[in-house]
Amino acid sequence: MSNRFCVKFLAQPATNLDEEALIPIFHDWIRDRKIPGVLLDVVDYRHVPDGPGIMLITHEINYAMEHGGGEYGLSAQAKIPEGETHGDRLVNLVQRTAQFGALLEADQRVSGQVKLQGNQFYYIANDRLNYPNTDEAFAAIKADLETAAATIYSGKTVTIARVENDPRERLTILVSVADAVEMGAIAA
Amino acid sequence: MKGFDSGLLIKSLVALAHPQKSMPSETRTWKAALADQIPPHMAEEIDTFESQMELRVQDKLEEKVFAELRLRRGAYGQRYDNGFRDNGRESVEIPFPNKHLTKGPGTKWEAPGMQRIKIPYGGMTAEQMNVLADIAEEYSDSILHITTRQDIQLHFLSMVDIPDMHRRLAAVGITVREACGNSVRNVTACPLAGVCRDETFDVTGYANETAQYFLGHRDVQDFGRKFKVAFSGCKQHPCGLTYMHDLGLIATEREVDGQKQYGFEMYVGGGLGAVPHLAKLFDEFVSPEELLPLSQAIARVFARLGEKQNRNKARIKFLVAKLGIEEFRRLVIEERAAIEADPEWTSWLGKIPEYEEGGLPEPLTQGAAPDLGDEAATFDYWKATNVYAQRQAGFNAITIALPLGDITASQTRLLADVVRRFTHDTIRTTVEQNVMIRWVHDADLPALFLALKAINLHAPGAQTIIDIAACPGTDTCKLGISSSRGLAGELRRRLAHKAMQYDEAVRNIRIKVSGCFNSCSQHTVAEIGFYGSNRLLSGRRVPHFHLILGGKWDHNAAEYGQSLGVVPSKRVPDVVELLVDWFMRDRQGEEAFPAFVNRIGKKAIKEQVKPLTTVPAYEEDPSFYVDWADAREYTLGDIGIGECAGEVVTLTDFGVATAESAHFDATLLLEGDSQNGNVQQAQDKAFESMAKAAQALLKLQNIDISDDPDAIVADFRTYFYDTELFFDPFAKGKFASYFLKAYESRSDTATLDSAKQLIEEARLFIEASHECYGRMAEKGITSPVSFKKWLLDNELAKA
């Protein structure tokens, strides 16, 4: 199953962050190895409207506090997914991303300025060849998402819905639960 | 090679990353999916490269050979790919899982890399844009970066994805072949070609056919360095930048026996780089029939006689300078006569009319122009800065200003839709890192503006002071010294606030920022240019930029500027503000900025800038010691706090400063009227500045070093050249050789060209002296005693 996918947690609508503050935070994380993986670099795309914002590049995952689709949030692009199955890999990426998000929310330099919505995330298939933006591909992938979501949101009723978007965009699926969920709870 | 199974490589690499896993066998591959859509020769090239990757992974292909093969397919390394990164405190090894694997000498296989994608004459189709968007999302960071040579670059790529990316590009007619390497690079052309009001004729077809002819041609495979070709439709505008290219063609016409003939003025030997050269006129009229054979003859002479061993002297500009244009011309004409005729020299001429474009027969919004509402004022400003009325009445070319040349994958895809809706698929990249939509009806401008606004591509200010070009610099480039993109982003933010207040003369100022002296942003020909540098102050590195003034962007980049010295990075916005405010306040009549600079004089400008060149102590303001868009304390390596503030160091600092002053005097001697009789004096002064810099360094070996140039050169050769102490980690002995060569030829009669060249070389030599001084401090060489110890250690190490 797929090795290429992304996830994205949206920021709470009230988020009002001076993005420049993320630059020293991410540099410090690289220096202090605050998150797992081979940490490589910080990239500043603040000048690009609806762009990737500030990125933290790792060997395994590209993280970004970004504005794609006009929605600000934390995205993670898996480059070398960890896990035996697609579901395992998804759980792993979501947990890594939540760990990143929880760490950011807790950083005093942006205290109170960043709050992510833990009760839902986008799954974005980053493989147009094997997972095109079609109902068939959605059907093929849905079972894996259900399995993964049962781990991520243990004991909660999960909704999995295909996002209606431009057919040329990537297959995007919203995975959500009704009640609020802290990023820290997912990361655990 | 043809039958190589691409899946093998992917499996090998996946196995390297995850020894416990294997790729699922049911996964479809792009190789299979696109088998019918890729021209066979392109498919074979990609398969071959994929097999070479496999051989490299198995260590069956030498890393330096693989590096050249990789580069010839546009796949570059990126910053930190040597496996180390400075975190602001120390250099730390990056723990890549397979550190032993390399993709070139000192280049880790698993380190992210960059792909350059050639876009001949900047022409793209909507279909190609869609594929570019897809690969940027799937393999890169969702950003497409337009370069100053109309290419597109993607960053943070994994080697494993390169072959499939090439296949997807090939399926829509895009090749990456020779996007890098010592061959013919992307052939650029004025983006207004075919619609320009001032062009002699449309050069589009000629540019593309030249690109196709030389792609993979046997006569362009043995160059010592790259070869860049540019076409322009006219002489007066900067769009083609023909004077700064290895081969520049400007459309021209003449009348013979009452018959009008079209052809090209051909220029050769131009180039920016570390030492800029303006191209020389090779032939004032080259017919279309002779365009390719003559270009081929030039390529053959370059391949045969151009420098091969010393990369730093291997561009054709050095060959032309060495031989002189007359001798070079004679050799090329001789070569031309000897080449066997090739039908492909002219077989394409009949296709030229096919390059002609047109607009939609009727406006899309005929009779139904949208209401701009609150956007009316922005629309007017956008129309004033971004819209060019084409030669064809009723049609317009619209420049979309991309911040720092960046556009997202989603924007690219939606822009492709806009292009399809409003035009016949007519969009081009520009050398100012923008894109241009051509053939838009007057009546469609409001609707187009709103369509662009919907995708956030409606920013006004294209090709103005806020439309700043920047090379990748320290963001991703291995050679970057200072953060060019960080600075450009900051300048853009600050200038944008005032942009509406600026009149046309201010708007027309171009700012370009390079991260090092290599001119990738074309800073040398900007009205205000900057390139990255650094200074060591009290044991700490401080990011700086050289301020370059006097460049001429107009007339195809007809003049390059000179450095007025360095400014701390964090003070550059203040310097720009000072210059712009001064220009607004004191300019005379319709005076343009370059004329203003010439009238005021660089000396007076330098005086005004001087207060902005100071750097506060670290304890007073540490922000000066951190580069733009970064948070780490600035370093070029693991320097830390040194103990180098002794007397001798002060003397060396002083000596290098004297050298800089002498260099500035040399530039002043050529200011204004270049034929002012000061040419010899300028050249002598440039040499003097080099000698002063060398003497300053020698004070660390012998505090009593003589003022006699003979003694300085002799000791410099002994202690700095022969020991390689002066050698730059990347350029090696290049900068030292400038000094030694200048000494050997110091009694030669100066010409304007030789004086200009020596001034540029002196600038680089002085800069290298700063670097050498910094490296010596790092090695603990701060006095004659420590110098002697280092010499002994060095000799022992070699023994």
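All values reported here derive from a predicted model rather than from experimental measurement.

**Student:** Lay out the overall build of chain A in plain terms, naming residues and giving numbers.
**Tutor:** Scanning chain A for helices and strands turns up 4 helices and 8 strands. For chain A, the α and β elements follow one another from N to C terminus as β-α-β-β-β-β-α-β-α-β-β-α. Whereas a compact globule of 188 residues would reach a radius of gyration of roughly 16 Å, chain A reaches 16 Å, a difference of no more than 12%. The dimensions of chain A, computed from C-alpha atoms along their principal axes, are 45 × 35 × 30 Å. Out of the 188 residues belonging to chain A, those deemed buried represent 59%. When the accessible surface of chain A is split by element, carbon and sulfur atoms take 47% of a total near 7,100 Å².

**Student:** Break down unusual backbone geometry for me, with residues and values.
**Tutor:** Most peptide bonds take the trans configuration, and most residues that are not glycine carry a negative phi. All names here are of chain B. Here Asp257, not a glycine, exhibits a phi torsion of approximately 50°, which is positive. Topologically, Asp257 is positioned in the loop between β12 (247-256) and β13 (259-268). Although it is not a glycine, Gln522 sits at a positive phi angle of roughly 65°. Within the secondary structure layout, Gln522 lies in the loop between β21 (511-514) and β22 (528-537). Gln522 gets classed as buried once you look at its relative accessible area, which sits at 3%.

**Student:** If you had to explain the domain arrangement of chain B to someone new, which residues and values would you point to?
**Tutor:** All names here are of chain B. Examined at the domain level, chain B breaks down into domain 1 (6-120 + 142-170), domain 2 (196-355), domain 3 (464-636) and domain 4 (642-799). For domain 2 and domain 4, the distance between their C-alpha centroids amounts to 37 Å. Across the contact, 8 residues belong to domain 2 and 10 residues belong to domain 4. Summing both sides of the interface, domain 2 and domain 4 together bury roughly 760 Å²; the carbon and sulfur share of this comes to 50%. Area buried by domain 2 at its contact with domain 4 is led by Ala274, Val275 and Asn312, which between them contribute 55% of it. Seen at the junction of domain 2 and domain 4, the total is 2 salt bridges. The partner of Lys280 in a salt bridge is Asp753, and the shortest N-O contact between them spans 2.0 Å.

**Student:** Account for the pairing of strand β5 (residues 73-78) of chain A, naming residues and giving values.
**Tutor:** Residue and element names in this part refer to chain A. Extensive coverage of β5 is indicated by the burial of 6 of its 6 residues. Residues Gly73, Ser75 and Gln77 line one face of β5 and the alternating positions Leu74, Ala76 and Ala78 line the opposite face, and both faces are buried. Note: strand β1 (residues 5-10) against β5, 5 bridges, orientation antiparallel. Bridge pairing in β5 places Lys8 opposite Ser75. Strand direction decides the pairing type here: strand β4 (residues 61-66) and β5, joined by 6 bridges, are antiparallel. Counterpart to Tyr63 in the pairing with β5 is Ala76. Hairpin connection of β4 to β5: 6 residues between the antiparallel strands, including Gly69 at a positive phi of 65°.

**Student:** How would you explain the environment of Thr157 of chain A if you had to name every residue and give the values?
**Tutor:** Residues and elements named next belong to chain A. Examined against the element boundaries, Thr157 turns out to sit in the loop between α3 (135-152) and β7 (158-162). Thr157 sits in the exposed class, given a relative accessible area of 69%. For the pair Thr157 and Val177, spaced 20 residues apart in the sequence, the C-alpha separation amounts to 6.0 Å. The contacts of Thr157, once residues within four sequence positions are left out, are Ser176, Val177 and Ala178.

**Student:** Break down the interface of chain B and chain A for me, citing the residues and quoting the values.
**Tutor:** Each partner contributes residues to the interface: chain B has 53 residues there, and chain A has 42 residues. Between chain B and chain A the total buried area reaches about 4,100 Å² when both faces are included, carbon and sulfur atoms providing 51% of it. Where chain B meets chain A, there are 19 residue pairs in polar contact (both at pLDDT 80 or more). Only α2 (30-33), β3 (91-93), α5 (126-139), β17 (406-408), α12 (409-422) and α14 (484-498) of chain B provide two or more residues apiece to the side of chain B that touches chain A. In the side of chain B that touches chain A, the residues fall into 20 nonpolar, 11 polar and 22 charged.

**Student:** Please set out the sheet that holds β17 of chain B residue by residue, giving values where relevant.
**Tutor:** Residue and element names in this part refer to chain B. With respect to topology, 5 strands assemble into an open sheet ordered β1-β6-β9-β8-β17, the strand pairing being antiparallel. Of all strands in the sheet, those with a lone pairing partner are β1 (75-76) and β17, marking the two edges. Note: strand β8 (residues 143-146) against β17, 3 bridges, orientation antiparallel. The partner of Ile143 across the bridge, within β17, is Thr408. Across the sheet, α5 lies against β6 (113-117), β8 and β9 (152-157), angled at about 20° from β9, the strand it touches most.

**Student:** Which residues make up the sheet that holds strand β10 (residues 184-189) of chain B, and what values do they have?
**Tutor:** Residue and element names in this part refer to chain B. Spatially, 5 strands are ordered β10-β11-β12-β13-β14 in an open sheet, and the strand pairing comes out mixed. Looking at the sheet topology across the chains shown, the edges are occupied by β10 and β14 (280-286). With direction set aside, neighbouring strand axes in the sheet form an average angle of 25°. Running over the sheet, helix α10 (residues 325-338) touches β13 and β14 and is turned about 45° from β14.

**Student:** Tell me what's going on with the packing of aromatic side chains, and back it up with residues and numbers.
**Tutor:** Under the definition given, this model contains 44 aromatic pairs over all chains. Ring geometry for Phe5 of chain A versus Tyr123 of chain A: centroids 5.4 Å apart, planes at 25°, classification stacked. Separated by 118 residues along the polypeptide, Phe5 of chain A in strand β1 and Tyr123 of chain A in strand β6 (residues 120-125) bring together distant segments of the chain. Side by side, Phe5 of chain A and Tyr123 of chain A carry an identical accessibility label, which is buried. Plain terms: the ring middles of Tyr719 of chain B and Phe787 of chain B are 6.1 Å apart, the flat faces sit at 80° to each other, and that makes the pair edge-to-face. Here Tyr719 of chain B is found in helix α22 (residues 709-721), whereas its partner Phe787 of chain B is found in helix α25 (residues 784-798), with 68 residues between them in sequence. The residue whose ring lies beneath Arg329 of chain B is Phe282 of chain B, and the NZ or CZ to ring-centre distance is 5.8 Å. Directly above the ring of Tyr743 of chain B sits Arg746 of chain B, whose terminal nitrogen or CZ lies 4.0 Å from the centroid.

**Student:** Residue-level account of the nonpolar core, with values.
**Tutor:** All names here are of chain B. Membership of the largest hydrophobic core comes to 64 residues, with the highest contact counts inside it found for Ile117 and Leu415. Broken down by element, this core gets its largest block of residues, 8 residues, from α5. Once residues within four sequence positions are removed from consideration, Ile117 is found in contact with Leu132, Ile135, Asp151, Ile152, Leu154, Leu169, Ile174 and Val176. Residues Leu670, Phe735, Cys772 and Ile781 belong to the second largest nonpolar core, which totals 54 residues.

**Student:** Describe the side chain of Asp444 of chain B, listing the residues and the values that go with them.
**Tutor:** Residue and element names in this part refer to chain B. Structurally, Asp444 can be placed in the loop between β19 (435-441) and α13 (445-454). Here the side chain of Asp444 touches Thr365 through a polar contact of 2.6 Å, side chain to side chain. For Asp444, the residues in contact, after removing those within four places along its chain, are Pro363, Leu364, Thr365 and Phe422.

**Student:** Give a description of the confidence of the model for chain B that names residues and reports values.
**Tutor:** Residues and elements named next belong to chain B. Per-chain confidence: chain B averages 90 in pLDDT, with 94% of residues scoring 70 or above. Contacts of residues 1-8 to residues separated by more than four positions or lying in other chains number 17 contacts, the stretch itself having pLDDT below 50. Below a pLDDT of 50 lies the segment residues 17-25, which in the model reaches 16 contacts outside its immediate sequence neighbourhood of four places, other chains included.

**Student:** Talk me through the pairing of β1 of chain A; I want residue IDs and the actual numbers.
**Tutor:** Residues and elements named next belong to chain A. Burial analysis of β1 places 6 of its 6 residues in the buried class, the great majority of the element. Where burial is concerned, the two faces of β1 agree: the one with Phe5, Val7 and Phe9 and the one with Cys6, Lys8 and Leu10 are both buried. Pairing geometry for β1 and β6, over 4 bridges, is antiparallel. If you follow Lys8 over to β6, its bridge partner there is Tyr122.

Rules used throughout
- Residues numbered from 1 in each chain as written.
- Chains lettered and ligands numbered in written order.
- Predicted model: local features only at pLDDT ≥ 70, side-chain atom pairs only at ≥ 80, totals over all residues.
- Heavy atoms only, no water.
- Helix = DSSP H or I, 4+ residues; strand = E, 2+ residues; numbered from the N terminus.
- Rg over C-alpha atoms; globule rule 2.2 N^0.38 Å.
- Buried < 20%, exposed > 50% of the residue type's maximum accessible area, 1.4 Å probe, protein only.
- Areas by Shrake-Rupley, 256 points an atom, 1.4 Å probe, with all protein chains shown as cover.
- Domains from an automatic or database assignment.
- Contact = heavy atoms within 4.5 Å.
- Buried area = accessible area lost by both parts, 1.4 Å probe.
- Salt bridge = Lys/Arg side-chain N within 4 Å of Asp/Glu carboxyl O.
- Pairing = 2+ DSSP bridges.
- Polar contact = N/O pair within 3.5 Å; in protein donor to acceptor, adjacent residues only side chain to side chain.
- Nonpolar A, V, L, I, M, F, W, Y, C, P; charged D, E, K, R; others polar.
- Axes fitted to C-alpha atoms, helices over the stretch in contact; angles between N-to-C directions.
- Phe/Tyr/Trp six-rings, centres within 6.5 Å; stacked < 30°, edge-to-face > 60°.
- Lys NZ or Arg CZ within 6 Å of the ring centre and 35° of its normal.
- Core = buried A, V, L, I, M, F, W, Y, C linked by side-chain atoms within 4.5 Å.
- pLDDT = per-residue confidence, 0-100.

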